Amino acid sequence: MTLSRDDVDHVAALARLGLSDEEKGRLLGELEKILGHIARLQQVDTSMLAETAQVGDLVNVMRADEPGPTLGTEAALRNAPAADGSHFIVGAIQGNELDS
Amino acid sequence: MSSTAKTITELGAALRDGSTTPRALLDETLAHLERSDKDLNAYLTVTRELAELQADAAAQLLEQHPESASPLCGIPMALKDVLCVDGIETTAASRILRGFKPPYTGTAVQRLFDAGAVCVGKTNCDEFAMGSSTENSAFGPVANPWDIERVPGGSSGGSAATVAAGTVPYSLGSDTGGSIRQPAALTGTVGFKPTYGRVSRYGLIAFASSLDQIGPFTRSVEDCALVYAAIAGHDPLDSTSDPRAVDDPLASLHDGVAGMRLGIPREYLGEGTEPGVRSAVETAFKVLEAQGATLQEVSLPSTDVALSVYYVIAPAECSSNLARYDGVRYGVRVDRPSLTDMYLQTRGAGFGAEVKRRIMLGTYALSSGYYDAYYRQAQKVRTLVSEEFDAVFQQVDAIVCPTSPTVAFTMGSRDDPLSMYMCDVVTLPANLAGVPGISVPCGNVDGLPVGLQVIAPRFADSRVFRVAHAYEQATDWHIARSPFATEAA
């Protein structure tokens, strides 16, 4: 399994993880090793197997569409790093494209 | 031995015959906690105020309704710091959640509180429950009460250590790949992972949602069944919570193993198994045989590849679940003028090395071009792992095996991520298949505990307790106490 430094940059951007050069260098080696181990997955014949996303047999669990108590605005904003009493406050969204 | 090293059952009796009170028990517990935690670092938060309120409420309940009060009423306990409690700091041992006080209490915890539990604190763990040694906590590692140079296992290391230290008779942890059972084995406690869907995950900080289950650490199998019975059952707030009725695990606890067929998976005693562990569990098999069980070898051929399945699926789910820590709604923010920079810097500064590694691994496995080869393939092999359990349970009633291939290892001795991942090789298949499993003390190698694991089919949680109880009652390993628990209180 070979991974390039570009792969690490790309995945870090997808994950919105700001990593130092040193961290990226270390992760490159570690991920290569882990992916090398995981590669044995490819040797299993899965042509007859369905995917398991979860082991329970429940499907499309819904609650009744009735109004009930919810978390109030004050409680929802209480832990926010920046809020104005009715909104979360964040920086400008425009001009934030990640080139990845 | 102080009263703080007793079982829930023993303490419950003492509360009812008037030889102690919830407040006296709490004072003793807090004093023990304060002394032992200088060495152990098992707690991230001590919730003295909450505990005092709960102890007083419990005293009232015991006085007014001694007959109907729960066996857990007035009993001190601790919660892994991934379990939300309204208004109490809950960090998942991560810098990114420092200062976070949840606006609600999770269902499993609320059920214990309703039963009269007295919560003394939030326990240390691997950051976001990712690890097998509790060395990944952002707030320092937890020491093993049997040898403070060694790890208590993980990720629920603090919850395991505080029970092993004799501070509280029980605690809650969470188990995604072995995070309750493996630390239970390494600390000589009883630790149980219920069938997936049996205990509500509402209020559990999510790591890998298709694998996570909450469960107890205790000093006896009976106590473990008691706590499980209190937290199990359907919860409309968790859509994966199963609506089927829960059978009372205490009803069949004493039924024994006579006539039961128990399987020993040959792959679970592989070459990585330490000789001391092998010898302890083989002796345990003989004990079960002497109790009337029939033991036979069985095979779970995909055990080896299950580790790879797990280290695709768990990181993939974690990369998705942890996307919510973005510095907007809660937790720590590193301020930057641009929103994207804020995300990058907040997450870069807030997460520790293991969490970053798993987010990267999971994001990679889910990314365009690799999804089919890694994530979809892992989901298919997961089906195989699950079907192999089904096939084995056609032949036997339960599986018995080691919980961990090794005893507690020295802190810092597993700095290679892959070697740390190997710790869970005999516990994580149960998470992939959603089946229940327990670890019960079954030996001691040079002063370090060994755990016997019992695994049963989905929803046969009571059978797990029944087998574990039969073994426990035939041996004395569960009576052994760590040095922290035998010191005078």
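Model, not experiment: these values are computed from the prediction. (Residues numbered from 1 in each chain as written. Chains lettered and ligands numbered in written order. Predicted model: local features only at pLDDT ≥ 70, side-chain atom pairs only at ≥ 80, totals over all residues.)

## Quick look at the overall build of chain A
Right, on to step 1. Scanning chain A for helices and strands turns up 3 helices and 0 strands.
Right, on to step 2. Element order for chain A, N to C, with α for helix and β for strand: α-α-α.
Right, on to step 3. Compactness check: chain A gives a C-alpha radius of gyration of 22 Å against a globular reference of 13 Å for 100 residues, more than 25% above the reference.
Right, on to step 4. Taken across its 100 residues, chain A has 17% of its residues classed as buried. (Helix = DSSP H or I, 4+ residues; strand = E, 2+ residues; numbered from the N terminus. Rg over C-alpha atoms; globule rule 2.2 N^0.38 Å. Buried ≥ 20, exposed ≤ 12 C-beta atoms within 10 Å, placed from the backbone.)

## What to know about the confidence of the model for chain B
Right, on to step 1. Taken as a whole, chain B shows an average pLDDT of 96; of its residues, 99% reach a score of 70 or greater.
Right, on to step 2. For this predicted complex, the interface confidence reaches an ipTM of 0.95, while the overall pTM sits at 0.97. (pLDDT = per-residue confidence, 0-100.)

## A word on the pairing of strand β11 (residues 448-455) of chain B
Residue and element names in this part refer to chain B.
Right, on to step 1. Burial analysis of β11 places 8 of its 8 residues in the buried class, which makes it a mostly covered element.
Right, on to step 2. Taking every second residue as pointing to the same face, both faces of β11 are buried, with Leu448, Val450, Leu452 and Val454 on one and Pro449, Gly451, Gln453 and Ile455 on the other.
Right, on to step 3. Where strand β9 (residues 398-402) and β11 come together, 4 bridges link them in antiparallel fashion. Of the residues in β11, the one forming a bridge with Val400 is Val454.
Right, on to step 4. Once strand β10 (residues 437-445) ends, the chain turns through 2 residues before running back antiparallel as β11, passing Asp446 with a positive phi of about 50 degrees. (Pairing = 2+ DSSP bridges.)

## What to know about the nonpolar core
Residue and element names in this part refer to chain B.
Right, on to step 1. Within the largest apolar cluster, 174 residues are counted, with the highest numbers of intra-cluster contacts made by Val118, Val309, Val312, Ala398 and Val454.
Right, on to step 2. Per-element accounting of this core gives the leading share, 10 residues, to helix α9 (residues 303-321).
Right, on to step 3. Both domain 1 (3-255 + 477-486) and domain 2 (318-380) contribute no fewer than three residues apiece to this core. (Core = buried A, V, L, I, M, F, W, Y, C linked by C-beta atoms within 7 Å. Domains from an automatic or database assignment.)

## Brief notes about the pairing of strand β7 (residues 261-265) of chain B
Residue and element names in this part refer to chain B.
Right, on to step 1. Of the pairings in the sheet, the one linking β7 to strand β8 (residues 294-298) comprises 5 bridges and is parallel in character. Considered in β8, the bridge of Leu262 is made with Leu295.
Right, on to step 2. What joins β7 to β8 is helix α8 (residues 275-290), and the crossover it makes is right-handed.
Right, on to step 3. Across 2 bridges, β7 lies against β9 in parallel orientation. Looking at β9, one finds that Gly263 is bridged to Ile399. (Right-handed = clockwise from strand over helix to strand, strands pointing away.)

## A look at helix α2 (residues 21-38) of chain A
Right, on to step 1. Relative to the 26 Å expected for 18 residues at 1.5 Å per residue, α2(A) spans 25 Å between its end C-alpha atoms, a close match to the ideal helical length.
Right, on to step 2. Here α2(A) has its buried residues at Leu27(A), Leu31(A), Ile34(A), Leu35(A) and Ile38(A).
Right, on to step 3. Along its buried surface, α2(A) packs onto α1 (5-14) of chain A together with α9, α11 (353-366) and α13 (417-421) of chain B. (Expected span 1.5 Å × (residues − 1). Contact = placed C-beta atoms within 7 Å.)

## Quick notes on the environment of Ala129(B)
All names here are of chain B.
Right, on to step 1. Within the element layout of this structure, Ala129 appears in the loop between β3 (118-123) and α5 (157-164).
Right, on to step 2. Since 30 C-beta atoms lie within 10 Å of it, Ala129 is described here as buried.
Right, on to step 3. In this structure, the C-alpha to C-alpha distance between Ala129 and Lys80, residues 49 residues apart in sequence, is 9.3 Å.
Right, on to step 4. Ignoring anything within four residues of it in the chain, the contact list for Ala129 reads Val82, Ser155, Ser174, Thr176, Ser179 and Phe207.

## Regarding unusual backbone geometry
Residues and elements named next belong to chain B.
Right, on to step 1. A cis geometry characterises the amide bond from Gly154 onward to Ser155, with omega recorded as 10 degrees.
Right, on to step 2. Mapping Ser155 onto the fold places it in the loop between β3 and α5.
Right, on to step 3. Even without glycine at this site, Ala92 takes up a positive phi of about 55 degrees.
Right, on to step 4. Here Ala92 is to be found in the loop between β2 (76-80) and α4 (107-114).
Right, on to step 5. The exposure class assigned to Ala92 is buried, which follows from the 32 C-beta atoms found within 10 Å.

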